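Take a look at the letters that make up each chain.
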Number of protein chains: 2
Amino acid sequence: MLSKQILEDISNSSAIRAMFTEGNELAKKVGRENVFDYSLGNPATPAPQAFTDALLDIIKEEDALNLHSYMDNAGYENVRRAVADNLNERFGTDFKWTNIIMTVGAAGAINVILKTIIDIGDEVAVFAPYFTEYRNYVGNWRAELVTIAPDYRTFQPDFADMERKITEKTKAVIINNPVNPTGVVYSEETIQRIAAVLEKKQKEYGHEIYIISDEPYRELVYDGNRTVFLTKYYKNTFVTYSFSKSLSLPGERIGYMVVPDEMADFPTMIAGLTIANRICGFINAPSLMQKAVARCLNEKTDVAFYDTNRKLLYHGLTDLGFECVKPEGTFYLFMKSPEEDEKKFIEAGKRHHIMMVNGTTFHCPGYVRLAYCVQKEMIERSMLAFAALAAEYGLK
Amino acid sequence: MLSKQILEDISNSSAIRAMFTEGNELAKKVGRENVFDYSLGNPATPAPQAFTDALLDIIKEEDALNLHSYMDNAGYENVRRAVADNLNERFGTDFKWTNIIMTVGAAGAINVILKTIIDIGDEVAVFAPYFTEYRNYVGNWRAELVTIAPDYRTFQPDFADMERKITEKTKAVIINNPVNPTGVVYSEETIQRIAAVLEKKQKEYGHEIYIISDEPYRELVYDGNRTVFLTKYYKNTFVTYSFSKSLSLPGERIGYMVVPDEMADFPTMIAGLTIANRICGFINAPSLMQKAVARCLNEKTDVAFYDTNRKLLYHGLTDLGFECVKPEGTFYLFMKSPEEDEKKFIEAGKRHHIMMVNGTTFHCPGYVRLAYCVQKEMIERSMLAFAALAAEYGLK
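Residues numbered from 1 in each chain as written. Chains lettered and ligands numbered in written order. Predicted model: local features only at pLDDT ≥ 70, side-chain atom pairs only at ≥ 80, totals over all residues. Heavy atoms only, no water.

Our next topic: the overall build of chain A. Secondary structure assignment for chain A yields 15 helices and 12 strands. Relative to its length of 396 residues, chain A is compact, with a C-alpha radius of gyration of 21 Å against a globular reference of 21 Å. Seen along its three principal axes, the alpha-carbon backbone of chain A occupies a region of about 60 × 55 × 50 Å. Sequence separation of 24 or more characterises 74% of the internal contacts of chain A that already satisfy a separation of 6 or more. Total accessible area on chain A is roughly 13900 Å²; 49% of this is exposed by carbon and sulfur atoms. A distance of 2 Å separates the average location of the 44 positive side-chain charges in chain A from that of its 53 negative side-chain charges. (Helix = DSSP H or I, 4+ residues; strand = E, 2+ residues; numbered from the N terminus. Rg over C-alpha atoms; globule rule 2.2 N^0.38 Å. Contact = heavy atoms within 4.5 Å. Areas by Shrake-Rupley, 256 points an atom, 1.4 Å probe, with all protein chains shown as cover. Lys, Arg positive; Asp, Glu negative; His and termini not counted. Charge placed at Lys NZ, Arg CZ, Asp CG, Glu CD.)

This is how it looks when you write it as structure tokens:
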């Protein structure tokens, strides 16, 4: 007597986790050091020491009743102010504390936004390849997911396809920047073109079309890449953020959303979002974590660690003749399968003890994703296995 | 362009918060000590020192990467085992770690359960008076809420009404025990009768009808009252729990659910709930808090504090001639309004600087709720105001 939707979800559920589990089984047989597991996007660097110090200080300084109590469902005013001030400093924006709502991670933020704006039958568009959970989040609120194709040369969006896919029913477009699974960072031109299409469509259909810009990897960019701040380019933008990656806190579920003053119906929207935070069952972002991240807004996990891995893996694989999308951010690398059905390629990889995730999971068949949030030594050890795999496919 | 449902939610939203805000405004005018604010159910006693110590120890002992990382979406195995063992000790149950899923509070747990079992158009029954958020949680998943009337003499359920209200469409019944807002503890006989009605209806309709037993106040019982553990009486029972009240951690959002082995389709149900925990956007219960509560399962906030308040308020009010439901648990007292329209009574109370919440909020007009999670001195000071109010209504 489970719901029809959850039964489907169970059967679709997570190729990523399945691969991770398979990797663990394999490690029992052949030894952990002989398995090259690129499946899971679990941070591999610890939270900065400053974060641990902040936690300890707060627990010692604050009265326990006050520290763990309810606050406004949108979060502590001083935490929201700290986040706004920090964004303003870094991105030249002009946010006030009232533009920030603290959330249970970015996943919480996206669900709260969808709860607030979606009526049954609305459409929400995403850009392929996309993080699979978007489909599930959109399904929670009974909207239809619509997929916009990428330009396969650059993995920036295919704008002709975008024009076709935005319809009168489109309520929102989800952007993930930098992109999981490709590692691509959207250029300023891309952002401007997305905004231009949506401005036109808003006018044409006479109602708002929101952007939800999901940015958990914002701090994980390389080669001087920078993500642009989307609210500057398009008024009806929600930005969602999580500290899971930037501070290596994925288990703690702490993040926020940004809602600019310029958004249509701003005061009602904030009221709706705040209530939705409660009604969805989050109530509020966890109180101790709110206070701790507010003290660490300029802290980052060790980005150089991931950058080293990125170069090692990207150069290693392309030198062997594999075709890869050049990763500019995140800790993922997207590689073209040497044969059309990437699932067969993944099986071939497994025979060399390499665990990769199929692109179909991200609505992009023919590719595989490698998460390089791993120890550098694993990448080094894996190169012989990749060489054997390349030889099997007659690359180079 | 907000959703129709959230616009309704905004307009209905929280008489409780409104009263709290009004109380604060009044305090600015007449002084905090002259306002008798019984509106909010915010714990008034701090988390036990053992909890603070546990937090500090864990942060110092554990490696930061491990401490804040992802775990199984259902929670840490050793935390789940500690919860199961503790329940077994206290309630003579026989749970294993696999019967426990750690959640983002009880609100998270209830939403995860509803996501897992509800198809559009299903009905979920609640017993009036009931915690208003149940209506919103049920609305999230597009089910219909059906209200079962109480027996107004005892505020245990009206079983004749229950028989009528459980239909072929009923997928679940939510029980809140001890009850917010009445403070009533369901007797073993009540539990047995609820179970008997549902067993009969399950047979009649040929499908499962689940109980969701929401027990955030389980530890807040007085006079030797004990809540019985519902899975012993009815197989298809989910128990949801939060540490918000028992450890005074409402801001931290940490709780769990219990799913007994005897539940229909147990393995599929656990798989569905675990995925729903992720899909709803919770992902997992916050990691540090999971580990901290696992060390404090025998700790409780200062129940004697609330018991003193309970007696003071109950005896004070009944001595003045007010008719009150005797509170056996929670930190709420439910009082009959001396005039039919309790909103007028609440206005009269405000003129004496007494802030109470209307029963209509809990689907029980003609009553008001007083939250006595306040300082004892406030209750003492308020008695003169209540005396004046009683005189106005010619009580005694």
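Next comes the rest of the write-up.
Turning our attention to the pattern of salt bridges. Per the counting criterion, the structure on display carries 42 salt bridges over all chains. Residue A:Lys311 pairs with A:Asp307 through a salt bridge whose shortest N-O separation is 3.4 Å. Here A:Lys311 and its partner A:Asp307 are both found in helix α13 (residues 303–319), 4 residues apart, which amounts to about one turn of the helix. A:Lys311 sits in the partly exposed class, given a relative accessible area of 39%. In this structure, B:Glu22 engages B:Lys350 in a salt bridge whose closest nitrogen and oxygen atoms are separated by 2.6 Å. (Salt bridge = Lys/Arg side-chain N within 4 Å of Asp/Glu carboxyl O. Buried < 20%, exposed > 50% of the residue type's maximum accessible area, 1.4 Å probe, protein only.)

All names here are of chain A. Tallying each qualifying case throughout the model produces 6 cavities of 30 Å³ or more. Of the pockets and cavities examined, the largest cavity occupies roughly 100 Å³. In terms of lining, the largest cavity is formed by 14 residues, of which the most central are Arg90, Glu219, Tyr241, Phe243 and Leu297. Listing elements by their share of the lining of the largest cavity, those giving two or more residues are α5 (77–91) and α10 (243–246). (1 Å grid on protein atoms, 1.4 Å probe; cavity = no way out; pocket = protein on both sides within 12 Å on 5 of 7 lines; lining within 4 Å. Points joined across faces, edges and corners; volume = space filled by probe spheres on them.)

Our focus in this paragraph is the relation of the copies chain A and chain B. Taken as rigid bodies, chain A and chain B are interconverted by a rotation of 180 degrees and an axial shift of 0.0 Å, the fit giving an RMSD of 0.0 Å. Look at the turn and shift together and you get a two-fold axis relating the two. Of every C-alpha in chain A, the one belonging to A:Leu56 sits nearest the axis of rotation, 3.3 Å from it. Of the interface residues in chain A, 100% have counterparts in chain B that sit at the interface too, so the contact is made through matching surfaces. (Least-squares fit on C-alpha atoms with pLDDT ≥ 70 in both.)

Our focus in this paragraph is helix α6 (residues 105–117) of chain A. Think of an α-helix as turning once every 3.6 residues; residues three or four places apart then point the same way. An ideal rise of 1.5 Å per residue puts 18 Å on 13 residues; α6(A) measures up with 19 Å between its terminal C-alpha atoms. With 13 of 13 residues buried, α6(A) is to be regarded as a mostly interior element. (Expected span 1.5 Å × (residues − 1).)

Before going further, it helps to examine the sheet that holds strand β10 (residues 332–336) of chain B. All names here are of chain B. Taken in spatial order, the 4 strands line up as β9-β10-β13-β12 in an open sheet, and their pairing is antiparallel. Edge positions in the sheet fall to β9 (324–325) and β12 (357–358), since each of these pairs with one other strand and no more. Relative to strand β13 (residues 367–371), β10 runs antiparallel, the two sharing 5 bridges. Across the sheet, methionine 335 pairs through a bridge with valine 368, a residue of β13. (Pairing = 2+ DSSP bridges.)

What follows concerns the environment of A:Thr237. Residues and elements named next belong to chain A. If you trace the backbone, threonine 237 turns up in strand β7 (residues 237–242). Residues threonine 237 and isoleucine 211, 26 residues apart in the sequence, show an inter-C-alpha distance of 4.6 Å. Ignoring anything within four residues of it in the chain, the contact list for threonine 237 reads Ile211, Ser213, Leu230, Thr231, Val258, Pro260 and Met263. In terms of polar contacts, threonine 237 uses its side chain to reach the backbone carbonyl oxygen of tyrosine 234, at 2.6 Å. (Polar contact = N/O pair within 3.5 Å; in protein donor to acceptor, adjacent residues only side chain to side chain.)

Time to look at the confidence of the model for chain A. Chain-level pLDDT for chain A is 95 on average; 99% of the residues reach the 70-or-more range. Overall fold confidence (pTM) sits at 0.96, and the ipTM for the predicted complex is 0.95. (pLDDT = per-residue confidence, 0-100.)

The residue B:Ile283 is located in the loop between α11 (266–279) and α12 (287–294) in this model. Overall, B:Ile283 belongs to the buried group, its relative accessible area being 10%. Along the sequence, B:Ile283 and B:Asp72 sit 211 residues apart, while their C-alpha atoms lie 9.1 Å from each other. Excluding residues that lie within four positions of it along the chain, B:Ile283 makes contacts with A:Ala107, A:Tyr137, A:Arg253, B:Tyr70, B:Asn73, B:Asn277 and B:Arg278.

With that settled, consider unusual backbone geometry. Omega for the peptide link from A:Asn177 to A:Pro178 comes to -10 degrees, which places this bond in the cis form. With respect to the secondary-structure elements, A:Pro178 resides in the loop between β5 (170–176) and α9 (188–205). The omega torsion of the bond from B:Asn180 to B:Pro181 falls at 20 degrees, within 30 degrees of zero and hence cis. Along the chain, the position of B:Pro181 falls in the loop between β5 (170–176) and α9 (188–205). If you check the backbone angles, A:Arg142 has positive phi at about 60 degrees while not being a glycine. With respect to the secondary-structure elements, A:Arg142 resides in the loop between α7 (133–140) and β4 (144–148). Note on A:Arg142: relative accessible area 18%, which makes it buried. At A:Ile283, a position not held by glycine, the phi torsion is positive, near 70 degrees.

Listed by partner, the interface residues are 80 residues for chain A and 80 residues for chain B. Of the roughly 6500 Å² buried at the junction of chain A and chain B (both faces included), carbon and sulfur atoms supply 58%. The largest per-residue losses of area from chain A upon contact with chain B belong to A:Met1, A:His68 and A:Tyr70, which jointly make up 12% of the total buried on that side. In this structure, the connection of chain A to chain B is made through 4 salt bridges. (Buried area = accessible area lost by both parts, 1.4 Å probe.)

Attention now moves to the environment of B:Tyr152. All names here are of chain B. Positionally, tyrosine 152 belongs in the loop between β4 (144–148) and α8 (159–165). The exposure class assigned to tyrosine 152 is partly exposed, which follows from its relative accessible area of 45%. Linking tyrosine 152 and valine 325, residues 173 residues apart in sequence, is a C-alpha distance of 9.5 Å. If we skip the residues at most four places from it in the chain, tyrosine 152 touches Cys364 and Tyr367.

Quick look at the state of the cysteines now. Under the criterion given, the structure shown has 0 disulfides over all chains. With no disulfide partner, B:Cys280 has as its closest neighbouring cysteine sulfur the one in A:Cys280, 8.8 Å distant. With no disulfide partner, B:Cys373 has as its closest neighbouring cysteine sulfur the one in B:Cys324, 16 Å distant. On the accessibility criterion, B:Cys373 (6% relative accessible area) is buried. (Disulfide = S-S within 2.5 Å.)

This part takes up the nonpolar core. Counting residues in each nonpolar core, the largest one holds 78 residues, and the members touching the most others are A:Phe238 and B:Phe238. Once residues lying within four places of it in the same chain are set aside, the contact partners of A:Phe238 are A:Ile113, A:Ile117, A:Tyr210, A:Ile211, A:Ile212, A:Ser213, A:Val258, A:Val259, A:Met263, A:Met269 and A:Leu273. Within the second largest apolar cluster, 70 residues are counted, among which are A:Val83, A:Leu87, A:Phe95 and A:Tyr241. (Core = buried A, V, L, I, M, F, W, Y, C linked by side-chain atoms within 4.5 Å.)

This part is about the sheet that holds strand β6 (residues 210–214) of chain A. Residue and element names in this part refer to chain A. In space, the 7 strands of this open sheet follow the order β2-β8-β7-β6-β5-β3-β4, with mixed pairing throughout. Across the chains shown, the open sheet's two edge strands, defined by having one partner strand only, are β2 (100–103) and β4. Each strand axis lies, on average, 20 degrees off the axis of its neighbour in the sheet, ignoring direction. The sheet contact formed by β2 and strand β8 (residues 255–258) spans 4 bridges and is antiparallel. Along β8, the bridge assignment pairs threonine 103 with glycine 255. Here α6 sits on the sheet in contact with β2, β3 (123–127), β5, β6, β7 and β8, set at roughly 155 degrees to β7. (Axes fitted to C-alpha atoms, helices over the stretch in contact; angles between N-to-C directions.)

Take the packing of helix α6 (residues 105–117) of chain B against helix α7 (residues 133–140) of chain B next. Residues and elements named next belong to chain B. Relative to each other, α6 and α7 sit at 35 degrees, their axes nearing to 9 Å. Crossing handedness for the pair α6 and α7: right-handed. Between α6 and α7, the contacting residues are Ala107, Ile110, Asn111 and Leu114 on the first element and Tyr134, Tyr137, Val138 and Asn140 on the second. (Left-handed = near helix turned anticlockwise from the far one by under 90°.)

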